[in-house]
Amino acid sequence: MIRAELKRMAEEERQRQERLFCRIMVCAGTPCLSAGALPVLEALREAVAESRLDAGIEAVGTGCMGPCSRGPLVKVRIRGKETVYERVTPELARQILFSVVKGRRPPTVAALPPELPFFARQMKVVLANSGSINPERIEEYAASGGYSALSHALHEMTPEEVCREISTSGLRGRGGAGYPTGVKWNLARKAPGERKYVVANGDEGDPGAYMDRSVMESDPHRVLEGMALAGYAIGAEQGFIYVRGEYYLAGRRLEAAIRDAERKGLLGSRVLGSNFNFRIDIRTGAGAFVCGEETSLMASIMGKRGQPWHRPPYPAQRGLWGSPTLINNVETLAAVPVVIGRGADWFAGVGTARSKGTKVYALSGQVETTGLIEVPMGTTLREVVFEIGGGIPSGKQFKAAQTGGPSGGSIPAEHLDTPLDYESLEAIGTIMGSGGLIIMDETSCMPDVASFFLDFCRDESCGKCVPCRVGTIEMHRLLRRITSGTATMDDLYRLEELCDLVGATSLCGLGMTAPNPVVSTLRYFRAEYEAHIRERRCPAGACSIEPLPPGPEGPELLHAAGAPEEAD
Amino acid sequence: MSQQKTQPESTLPKNLAADPRFLAVERTIKQYQFRADALIEVLHVAQEAFGYLSEELMSYVARQLKIPYSRVYGVATFYHFFSLEPRGKHSCVVCTGTACYVKRSSEIVARLEQEFDVRAGKTTADGALTLSTVRCLGSCGLAPVMVLDGETVGRCSSESAVAAVHVLIDSGRTPGSIAAEEQSRRKRRGGGA
């Protein structure tokens, strides 16, 4: 396919959609599918066929629409006007369709108001196509402007210019650390090497995070286009997408997308009639959290145990099979076509002074509407929780928000007005992370939360370096003593000491950040830890602490073991 | 070794060579041109075909990819996906990710362990059920979540989970398949209007 053919394909699809009287979109992301979206879609397709309106009405499965807890979601678009329906059953879907056919007003029972803050307060850039295009049709992606950034770059920009554009945009890694993407690309571009590789990191292991899964499921071509742009910029001809093993649907859709793109000449040899060749292969993860770390991920791509190795040399200098390798998170790569397509200046105009663009969050936990949201950098946590998320259900109090998964920390209620950007989050002792945002109410016990994350890290430690392998086990043991009411203040001091040690001496990010949940909960909820130890009670009522054995031995034992009164 | 002499083109022990599931594994190995770095992809296919990785299967893979058995064993035991023991007839996987944890999925695991007398990660003595846990399925909006024979079931409670697993073991049906049956029954009654 050459440039003109791409334009024609996009134009034909746009005209086809414009001719439609009504387009009914059913969310076919994993959460909605498990809530029963498939029977809804089938019912709609049958009804369309029955009423012989195939030409005027179309029912399609799309990617994620956002408010996952309200699924299955259905979006009806009549002459450009869209209405979203929640918790749709097959019967309700037929009702909606028939009222549309007969020109009556569709039922409003399950319709979400368009001014709902969940939709109104968002800004969709990376998720722009999610929930409105069929991820299995390359034509729909092209119709929404897809692959035009690649075409523009291949024909009108040099690789240096692409790198410069990314640098100017201020795009930073969305996987957690927030490393400037442009710097990384330039390093990889300048690194000497016959062969170079581009890797998309889709091994989204943080419990409570599913942004990458959703992007891969809802808009797979966007990731492919981002990878191809990266390949062009650094001079690579081979890319790998490392998809987490649990994400069957994402893997399947990516596979189909790669096949379609190759057939249309948008991947493979001589992309869009240029001299640029680019192939993409999928590698499926096999269930190891540590593989989200870049050196472990490369070991895994090469068929080895996912254990990290020492940096430097960085992957951009020596990566896969000793060649320069550019590793970016899926969400970062998905933002690339926007940066090139709409221009670096537009992108840099969104967000805060040092954190540019938008960020996708997976909002979950004790909040009214859970789901996937995208907001400009710098939106405050209060807006996200209370406006977009609709607040805490059943009249409970907000207690904390956990960001960054097991490597992050918690944000207490007094910091609700913190803007969500890289610097502000770091200042209050947590990290942006990949975008998991778990809201906890007053029934969550913070030492227990810390213990949960340490249990996770203990389990997922690859065992290569001692501080992480042994340290996480010891820290988890100490936390268990605290939550079971058998700890002394001495244990707490030992725990703090271990936090420093493990963080400072571990080999890779997993161990270095493993103590973070403990450090940050201790920082804001120390009183809760002390209540467990000194008073043997759980203020949140989540831990079951057995009463002390009767008689004077109990408290005396505790004091004998060293619970100094003066400590605070 | 004697088997190799009688069957020069296949390096397989007889019991494996007679097995059609094995074809898929052989095809994958050839597709990746016997490259050692395809090990994980090969093990994925092998696990899918056989349900678990037996010693002879792993040693066959090692020979074909020309890598030591220790490396295959090392990789197979490193990743959570691979199982070295046969699985039960049905599987129940409970998500223990953060969102599910906040909504108390650990209580569901404990209830299931008690009810079916099996530790998480193990198979019941009669081979009917494998109970396991997973770190986040990314369906956090539906927390707490479990997966019954590949079908995601959201918004569980201890009681509903136990009931659904009982139904699964007794009749092999999941909540989703039951709902689909009901729907088609209703449609038939409604005369396909």
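Within each chain, residues carry numbers counting from 1 in the order of the written sequence. Key to labels: chains lettered from A, ligands numbered from 1, both in the order written. Selection of residues for local features in this predicted model requires a pLDDT of at least 70, selection of side-chain atom pairs for listing and counting requires 80 or more, and totals for whole chains, interfaces and linings are taken over all residues. The side-chain figures draw on all heavy atoms in the structure; neither hydrogens nor water molecules are used.

(A) Focus on helix α18 (residues 446-460) of chain A. Residues and elements named next belong to chain A. Strands are runs of DSSP state E lasting at least two residues, helices are runs of H or I lasting at least four, and both sets are numbered from the N terminus onward. Any helix carries an expected span of 1.5 Å times its number of residues minus one. For α18, with 15 residues, the first-to-last C-alpha span of 21 Å sits near the 21 Å given by 1.5 Å per residue. For α18, the buried fraction is high: 11 of the 15 residues fall into the buried class. The buried label applies to any residue whose accessible area, calculated with a 1.4 Å probe on protein chains only, is under 20% of its type's maximum; exposed applies above 50%, and partly exposed to all values in between. Taken as a whole, α18 has its buried residues at M446, P447, V449, A450, S451, F452, F453, L454, F456, C457 and E460.

(B) Here's a closer look at the layout of surface pockets. Residue and element names in this part refer to chain A. A volume near 1300 Å³ is recorded for the second largest pocket. The definitions used throughout rest on a 1 Å grid laid over the protein atoms alone, on which a cavity is an enclosed set of points accommodating a 1.4 Å probe that cannot get out and a pocket is an open set flanked by protein within 12 Å on both sides along at least five of seven lines; lining residues are those having an atom within 4 Å of a point. Lining the second largest pocket are 45 residues, and of these G175, G176, A177, G292 and E293 lie nearest its centre. Residue contributions to the lining of the second largest pocket peak at 5 residues, all from strand β9 (residues 325-329). Grid points are joined across faces, edges and corners, and a volume is the space filled by probe spheres set on the points.

(C) Summary view of unusual backbone geometry. The linkage connecting A:G71 with the following residue, A:P72, adopts the cis geometry, with an omega of -5 degrees. Looking at the secondary structure, you find A:P72 in the loop between β2 (57-62) and β3 (74-78). A cis amide bond, omega -5 degrees, links B:A143 with the succeeding residue B:P144. Here B:P144 shows up in the loop between β3 (129-134) and β4 (146-148). For B:R155, which is not glycine, the phi dihedral falls at a positive 50 degrees. By the element assignment, B:R155 lies in the loop between β5 (151-153) and α9 (158-171). The exposure class assigned to B:R155 is partly exposed, which follows from its relative accessible area of 45%.

(D) Main features of the nonpolar core. All names here are of chain A. Here, nonpolar core refers to any group of buried Ala, Val, Leu, Ile, Met, Phe, Trp, Tyr and Cys residues whose side-chain atoms link them within 4.5 Å. Membership of the largest hydrophobic core comes to 81 residues, with the highest contact counts inside it found for Y147, W185, L224, M227, I241 and I340. Here this core gets 9 residues from one element, more than from any other, and that element is helix α11 (residues 220-234). If we ignore the near neighbours within four places in the chain, the residues touching M227 are V198, A200, G239, F240, I241, F278, I280 and L333. Listed in part, the 64 residues of the second largest apolar core include L92, A401, I438 and F525. Residues count as neighbours in contact if any of their non-hydrogen atoms are within 4.5 Å of one another.

(E) The sheet that holds strand β1 (residues 90-95) of chain B, seen in detail. Residues and elements named next belong to chain B. A pair of strands is considered paired only if DSSP assigns at least 2 bridges between the two. The sheet built from 5 strands is open, its strands ordered β2-β3-β1-β4-β5 with mixed pairing. Two strands bound the open sheet, and with one partner strand each, they are β2 (122-123) and β5. Where β4 lies against β5, 3 bridges are found, and the strand directions are antiparallel. Counted as the bridge partner of M146 is V153 from β5. Its contacts with the sheet place helix α8 (residues 105-116) against β1 and β3, and it is angled at close to 150 degrees to β1. Only the stretch in contact is used when fitting a helix axis, every axis being a line fitted to C-alpha atoms; angles between N-to-C directions are given from 0 to 180 degrees. The strands that α9 touches are β1, β3 and β4; relative to β4, the one it contacts most, it runs at about 15 degrees.

Don't take any of this as a statement about function, it's just geometry.
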